[in-house]
Amino acid sequence: MITILGEYKIIDGPCAGIKGQVMSAEIGGDEDEVWIQVDPFTSIVTHSDNLEEV
């Protein structure tokens, strides 16, 4: 389960290994989007099952 505003690492895909802060999450139903803020200029959108708490 995702704890909002925690620090997570992306597990798989082209951004694997990148760590960042969860900024917002839409989880449930058809929606499964988590926005990760990597630095002030970079954010990544991924799925909740592609994250691991660090």
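Fair warning: this is a prediction, and the values are worked out from it, not measured in the lab.

A. A look at the side chain of N50. Locating N50 in the fold gives a position in the loop between strand 4 (42-46) and strand 5 (51-53). When neighbours within four sequence positions are excluded, N50 is seen to be in contact with K9, I10, I11 and D12.

B. Structural view of the pattern of salt bridges. Considering all chains together, one arrives at 1 salt bridge under this definition. E52 is the salt-bridge partner of K9, the closest N and O atoms lying 3.3 Å from each other. Residue K9 is located in strand 1 (residues 7-10), and its partner E52 is located in strand 5; the two are separated by 43 residues in the primary sequence.

C. Spotlight on the nonpolar core. In this structure, Y8, I10, V22, V34, I36, I44 and L51 together form the largest nonpolar core, which totals 7 residues. For this core, the secondary-structure elements that each account for two or more residues are strand 1 and strand 3 (31-39). In contact with V22, other than residues within four places in its own chain, are L5, G6, Y8, V34, W35 and I36.

D. Quick look at the pairing of strand 1. Along strand 1, the buried face is formed by Y8 and I10; none of E7 and K9, which line the opposite face, is buried. Where strand 1 lies against strand 2 (residues 19-28), 3 bridges are found, and the strand directions are antiparallel. Residue K9 lies in a different strand from strand 2, and its bridge partner there is K19.

Cut-offs used in this document
- Residues numbered from 1 in each chain as written.
- Predicted model: local features only at pLDDT ≥ 70, side-chain atom pairs only at ≥ 80, totals over all residues.
- Heavy atoms only, no water.
- Helix = DSSP H or I, 4+ residues; strand = E, 2+ residues; numbered from the N terminus.
- Contact = heavy atoms within 4.5 Å.
- Salt bridge = Lys/Arg side-chain N within 4 Å of Asp/Glu carboxyl O.
- Core = buried A, V, L, I, M, F, W, Y, C linked by side-chain atoms within 4.5 Å.
- Buried < 20%, exposed > 50% of the residue type's maximum accessible area, 1.4 Å probe, protein only.
- Pairing = 2+ DSSP bridges.

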